[in-house]
Amino acid sequence: MGDSQTWTAAPSAAEHARSVLAASWSCAVTAEGGREEFVGAHTVAENGRVTLDVPEDSTLVAAAICAPRGEPSAVLEFADVAPVPVRSRIRARLWIAGWFVPVDGRLEFKATRVVLRRPSGAVVVDLDEFAAAAPDPLATAEARLLTHLADCHPDAVERLTRLVDADSLHGAVRVRPLAVDRHGLTLRIERARAHGDVRLPFHAPADDVARLTERMHVLLTQASAASCPRALQRQRTDRDG
């Protein structure tokens, strides 16, 4: 029994990493054996370089001044958390190793290694590809879009399950929107003791919210023309009884 479906397009590892970075509000920094959490303190340049605005008494400032230049001395960690409540809400983690350089009262981070961990495993992202990649155009709007879909259109989510392979829906007790990017929508299929994800690809990339609306309408039209999965038919009957 498969828990996932194959899709024809998806963000590259570098694009996914840049999307995690673009959407993250918090950052955990491990340096000199200590760990600090910062919220709303980092900015990201077009090339993916991270700059931290930290208090003057932060131990990171002293660590940045004392650390040997060019040698990795810190790790930044960013968590990609699903905006809709689901099991295992951490969709990915991004680690960037390197060192800090004090610049005009802020700490600029020089990356030496980028690692993205997804449910399928961890991958080392090439530094040049990371710098050249752009975040997904929906990355910063994704939380609002998915929350609206889950809270205001649960009927649409259920209708979309008609596009999911029947084996992936076997034993399903709940289906929630997990992620969306320019290439497609991912649904989380929750069962009594397990869960799996399925990908519904768009027929063409959605490079802005207006195009996303059109792509979703296409998926819903396709779903309306499909038959209701037997697994959900049984589930609905059990609830009604």
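What counts, and where the lines are drawn
Residues numbered from 1 in each chain as written. Predicted model: local features only at pLDDT ≥ 70, side-chain atom pairs only at ≥ 80, totals over all residues. Heavy atoms only, no water. 1 Å grid on protein atoms, 1.4 Å probe; cavity = no way out; pocket = protein on both sides within 12 Å on 5 of 7 lines; lining within 4 Å. Points joined across faces, edges and corners; volume = space filled by probe spheres on them. Helix = DSSP H or I, 4+ residues; strand = E, 2+ residues; numbered from the N terminus. Buried < 20%, exposed > 50% of the residue type's maximum accessible area, 1.4 Å probe, protein only. Lys, Arg positive; Asp, Glu negative; His and termini not counted. Salt bridge = Lys/Arg side-chain N within 4 Å of Asp/Glu carboxyl O. Contact = heavy atoms within 4.5 Å. Pairing = 2+ DSSP bridges. Axes fitted to C-alpha atoms, helices over the stretch in contact; angles between N-to-C directions. Core = buried A, V, L, I, M, F, W, Y, C linked by side-chain atoms within 4.5 Å. Nonpolar A, V, L, I, M, F, W, Y, C, P; charged D, E, K, R; others polar. Polar contact = N/O pair within 3.5 Å; in protein donor to acceptor, adjacent residues only side chain to side chain. pLDDT = per-residue confidence, 0-100.

**Quick notes on the layout of surface pockets**
The probe, sized like a water molecule, is rolled over the atoms to show the empty space still left. Volume-wise, the second largest pocket comes out at about 440 Å³. Taken together, 22 residues make up the lining of the second largest pocket; nearest its centre are Ala23, Ser24, Trp25, Ala79 and Val81. With five residues, strand β5 (residues 74-81) is the single largest residue contributor to the lining of the second largest pocket.

**Focus: the side chain of Arg176**
Checked against the element boundaries, Arg176 lands in strand β9 (residues 172-181). No salt bridge is formed by the buried Arg176, whose closest oppositely charged neighbour, Asp151, lies at an N-O distance of 4.8 Å. Apart from residues no more than four positions distant in its own chain, Arg176 is found in contact with Val84, Pro85, Val86, Ala150, Thr186, Leu187 and Arg188.

**Topic: the sheet that holds β9**
Read from one edge to the other, the open sheet built from three strands follows the order β9-β10-β11, with strand pairing classed as antiparallel. Of all the strands in the sheet, just β9 and β11 (195-201) have a single pairing partner and so form its edges. Pairwise comparison of adjacent strand axes, ignoring direction, gives a mean angle of 25 degrees for this sheet. Of the strand pairs in this sheet, β9 and strand β10 (residues 184-191) are connected by eight bridges, and their pairing is antiparallel. Directly across from Pro177, in β10, lies its bridge partner Leu187. Where helix α4 (residues 142-152) meets the sheet, it contacts β9 and β10, and its direction lies at approximately 150 degrees from that of β9.

**Let's talk about the nonpolar core**
The tendency in soluble globular proteins is for nonpolar side chains to be buried as a group. Residues Leu160, Leu185, Leu187, Phe202, Leu212 and Met216 are the most contacted members of the largest nonpolar core, which totals 30 residues. Looking at this core, the elements that each hand over two or more residues are α4, α5 (154-160), β9, β10, β11 and α6 (209-225). Looking at this core, the element that brings in the most residues is β9, giving five residues. Not counting residues within four places of it along the chain, the set of residues in contact with Leu185 comprises Leu146, Leu149, Leu160, Ala179, Val180, Val198, Arg199, Leu200, Phe202 and Met216. Listed in part, the 29 residues of the second largest apolar core include Ala31, Ile96, Phe109 and Val114.

**Details of empty space enclosed by the protein**
A full pass over the atoms with the stated rule returns two cavities of 30 Å³ or more. Taken as a whole, the second largest cavity holds about 30 Å³ of empty space. Taken together, Val29, Ala31, Gly34, Arg35, Glu36, Thr59 and Leu60 make up the full set of residues lining the second largest cavity. Elements supplying a minimum of two residues to the lining of the second largest cavity: β1 (26-31), β2 (34-39) and α2 (59-66). The biggest single contributor to the lining of the second largest cavity is β2, with three residues. Across the lining of the second largest cavity, the residue classes tally to three nonpolar, two polar and two charged.

**Comments concerning the pairing of β11**
Where β10 meets β11, seven bridges bridge the pair, whose relative direction is antiparallel. When the sheet's bridge partners are listed, Arg188 is paired in β11 with Asp197. Count of turn residues in the β10/β11 antiparallel hairpin: three residues.

**Digging into the side chain of Thr161**
Relative to the assigned elements, Thr161 resides in the loop between α5 and β9. By relative accessible area, which is 1% here, Thr161 ends up buried. Side-chain polar atoms of Thr161 contact the backbone oxygen of Glu158, separated by 2.4 Å.

**Remarks on the confidence of the model for the protein chain**
Residues at a pLDDT of 70 or more form 88% of the protein chain, whose mean pLDDT is 88. Confidence, read as mean pLDDT per element, is least for helix α7 (residues 230-240) in the protein chain (45) and greatest for helix α3 (residues 127-132) (98). This stretch, residues 1-7, has a pLDDT under 50; its non-local contacts, to residues over four places away or in other chains, come to 24 contacts.

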